[in-house]
There are 2 protein chains.
Amino acid sequence: MNRIVTIGREFGSGGRELGRRLSEIMGMAYYDKEIVTEIAKRTSMSEEYVQHIIEHRPVMSYPISIGRSFYPMVNPITDQHQTIYQEQHRIIREMAEKSDCIIVGRCGDYILKEQNPFRIFVYAEMESKMARCRERGAEHENLTDRELKQQISRVDKNRAKYYEFYTGHRWGERLNYDLCINTTDRSIKELAPLVAHFLNECLQ
Amino acid sequence: MNRIVTIGREFGSGGRELGRRLSEIMGMAYYDKEIVTEIAKRTSMSEEYVQHIIEHRPVMSYPISIGRSFYPMVNPITDQHQTIYQEQHRIIREMAEKSDCIIVGRCGDYILKEQNPFRIFVYAEMESKMARCRERGAEHENLTDRELKQQISRVDKNRAKYYEFYTGHRWGERLNYDLCINTTDRSIKELAPLVAHFLNECLQ
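Not measured: the values here are computed from a predicted model. (Residues numbered from 1 in each chain as written. Chains lettered and ligands numbered in written order. Predicted model: local features only at pLDDT ≥ 70, side-chain atom pairs only at ≥ 80, totals over all residues. Heavy atoms only, no water.)

S.K.: Would you mind going over the interface of chain A and chain B with me for this structure?
M.R.: A common measure of how large an interface is: the accessible area buried when the components associate. Facing 24 residues of chain A, the contacting portion of chain B comprises 24 residues. Between chain A and chain B lies a buried interface of about 2200 Å² when both sides are counted; carbon and sulfur atoms form 58% of it. Viewed at the interface, chain B and chain A are joined by 2 salt bridges. Taking the shortest distance from any N to any O, the salt bridge between Arg174(A) and Glu10(B) comes out at 2.7 Å. Linking chain A with chain B are 13 residue pairs in polar contact (both at pLDDT 80 or more), by the criterion used here. Residue assignment for the side of chain A that touches chain B shows that the elements contributing at least two residues are strand S4 (118-123), strand S5 (179-182) and helix H8 (188-202) of chain A. By residue number, the principal contributor to the side of chain A that touches chain B is H8(A), which donates 7 residues. Of the residues belonging to the side of chain A that touches chain B, the class tally is 14 nonpolar, 3 polar and 7 charged. (Contact = heavy atoms within 4.5 Å. Buried area = accessible area lost by both parts, 1.4 Å probe. Salt bridge = Lys/Arg side-chain N within 4 Å of Asp/Glu carboxyl O. Polar contact = N/O pair within 3.5 Å; in protein donor to acceptor, adjacent residues only side chain to side chain. Helix = DSSP H or I, 4+ residues; strand = E, 2+ residues; numbered from the N terminus. Nonpolar A, V, L, I, M, F, W, Y, C, P; charged D, E, K, R; others polar.)

S.K.: Would you mind going over the pairing of strand S1 (residues 4-9) of chain B with me for this structure?
M.R.: Every regular strand shows the same layout, with side chains that alternate between the two sheet faces. Residue and element names in this part refer to chain B. Burial runs high along S1: 6 of the 6 residues are buried. Inspection of the sheet shows S1 paired to strand S3 (residues 101-104) by 4 bridges, in the parallel sense. When the sheet's bridge partners are listed, valine 5 is paired in S3 with isoleucine 102. One ladder, built from 5 bridges, connects S1 with strand S4 (residues 118-123); its direction is parallel. For glycine 8, the partnering residue across the bridge sits in S4 and is phenylalanine 121. (Buried < 20%, exposed > 50% of the residue type's maximum accessible area, 1.4 Å probe, protein only. Pairing = 2+ DSSP bridges.)

S.K.: Honestly, the environment of Asn182(B) in this entry has me stumped. Any pointers?
M.R.: Here Asn182(B) is to be found in strand S5 (residues 179-182). Sequence separation between Asn182(B) and Phe121(B) is 61 residues, and the spatial gap between their C-alpha atoms is 8.7 Å. In this structure Asn182(B) touches Arg119(A), Arg174(A), Leu175(A), Tyr177(A), Asp178(A), Tyr123(B), Ala124(B) and Glu125(B), once residues within four positions along its chain are discounted. Among the polar contacts listed, one links the side chain of Asn182(B) to the backbone oxygen of Tyr177(A), at a separation of 3.0 Å. Among the polar contacts listed, one links the side chain of Asn182(B) to the side chain of Thr184(B), at a separation of 2.7 Å.

S.K.: What exactly am I supposed to notice about the relation of the copies chain A and chain B here?
M.R.: For these two chain copies, the linking operation is a rotation about an axis paired with a shift along it. In screw terms, the move from chain A to chain B is a rotation of 180 degrees and a rise of 0.0 Å along the axis, fitting with an RMSD of 0.0 Å. Such values leave the two copies arranged in the relation of a two-fold axis. Judged by C-alpha distance, Cys180(A) is the residue of chain A that lies nearest the rotation axis, at 2.4 Å. Looking at chain A, 100% of its interface residues are interface residues in chain B too, so the copies touch through the same face. (Least-squares fit on C-alpha atoms with pLDDT ≥ 70 in both.)

S.K.: Can you walk me through the sheet that holds S4(A) in this structure?
M.R.: Strand pairing in a sheet relies on backbone hydrogen bonds. The paired strands run either parallel or antiparallel. With mixed pairing, the 10 strands of this open sheet are ordered in space as S2(A)-S3(A)-S1(A)-S4(A)-S5(A)-S5(B)-S4(B)-S1(B)-S3(B)-S2(B). Two strands close off the open sheet at either side, each with one partner strand: strand S2 (29-31) of chain A together with strand S2 (29-31) of chain B. The average undirected angle you get between the axes of adjacent strands in this sheet is 20 degrees. Pairing analysis gives 4 bridges linking S4(A) to S5(A), with the strands arranged parallel. Note on S5(A): the bridge partner recorded for Val122(A) is Ile181(A). Sheet strands in contact with helix H1 (residues 15-26) of chain A are strand S1 (4-9), S2, strand S3 (101-104), S4 and S5 of chain A, and its direction is about 160 degrees off that of S1(A). (Axes fitted to C-alpha atoms, helices over the stretch in contact; angles between N-to-C directions.)

S.K.: Just to check I follow, could you spell out the pattern of salt bridges for this structure?
M.R.: Where charged atoms of side chains with opposite charge meet at close range, the side chains can pair. Residues and elements named next belong to chain B. For the coordinates displayed, the defined rule picks out 32 salt bridges over all chains. With a shortest N-O distance of 2.8 Å, glutamate 10 and lysine 129 are connected by a salt bridge. In this pair, glutamate 10 sits in the loop between S1 and helix H1 (15-26) while lysine 129 sits in helix H6 (residues 126-136), placing the two residues 119 residues apart along the sequence. Like lysine 129, glutamate 10 is buried. With a closest N to O distance of 3.1 Å, glutamate 87 and arginine 90 form a salt bridge. Note that glutamate 87 and arginine 90 are positioned in helix H4 (residues 76-98) at a spacing of 3 residues, about one turn of the helix.

S.K.: Could you clarify how one ought to interpret the environment of Thr83(B) in this entry?
M.R.: Residue and element names in this part refer to chain B. Summarising the element assignment, threonine 83 is placed in helix H4. For threonine 83, a relative accessible area of 33% puts it in the partly exposed group. Along the chain, threonine 83 and lysine 157 lie 74 residues apart, while their C-alpha atoms are 23 Å from each other.

S.K.: Looking at this structure, how should I read the packing of helix H2 (residues 33-43) of chain B against helix H3 (residues 47-55) of chain B?
M.R.: Each pair of packed helices can be summarised by the angle the axes make with each other and by the distance between the axes. Residues and elements named next belong to chain B. Two numbers describe how H2 lies on H3: the axes approach to 9 Å, and their chain directions differ by 115 degrees. Of the two elements, H2 crosses H3, and the hand of that crossing is right-handed. Contacts between H2 and H3 involve Val36, Thr37, Ile39, Ala40 and Thr43 from the first element and Glu47, Val50, Gln51 and Ile54 from the second. Here the residues of the contact of H2 with H3 sort into 5 nonpolar, 3 polar and 1 charged. (Left-handed = near helix turned anticlockwise from the far one by under 90°.)

Structure below.
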């Protein structure tokens, strides 16, 4: 069976960078925005629209698992959300079957639970997340500290809603992960080889 | 400054074993029951009584930090709790000043926060904690599964109350720790060198 690592992460915690660095060190495929590109290709929606849907809390009243019989009316927005989630589900499973891989976000830990992935959650204190967002530059440079803090909280709230809606579990709740890493005041570049060493032993 | 590691742990998660193994691998002093012995010596209470107080939720209505002016009546039980906590506080600080050390439980992360300890939290799924308790043997062998589960939950609830009472923080809440480790289905013997490697780099 392929070695699978999933990374849940707070916005600004450096989880994506950690995923990318782990994939380089460990020689594993890395999927993040590639998933959005692939969904867009398969559904003929634009990448921007798919990204928007994935980053916002779902508008459906019931999770997919409850089935269609609860929707007597056809709602095109609901249908699109459902199509995107189903496609994402399919693509993540295909990727995990193809080779060892690291998947950032997107309920990967839940979707691949039968493959027994190593599940990481990355988090940090607000000040540290703000500093990391500022370092990334352009997209945050016009925001005041207050606005940036609100944006970080909003993104994380949406991630939590999305995760809880599709998995029925609490996002960030320790029992859903094998290792939770606080990146406050830590360099991801220095953390990555330590986490890789840990994973190499645990994934044997 | 000495290198300090604190370990918070759910009952049955293997946190104590992890602490002991880390101390052997890393050549650091290890304090766990030694703290109780020292408190008993200094307060002239029995070790059993000190242990009992530490393992049960506090009976005071206000944390020590609020001060004495709220207690117009002298309560001998309250006074003993307070004496034990103050002594524990003093001993943990003395130990951390003496040498590199690993401290299991006892609000060590909070008491030593100015020494910037590396704070670990160890947890596991209930089934795994029950299995670990059964392996330890004697003290749990007469309990049914239901009783054992209740005992584990009770101990953890008391630890949470104790921690929250004295620190004002939520026990097990990820932001209070640098690394949270899920020991479900993992051997502590195999985990210990991986955690030691992680710590050696982070504590430099």
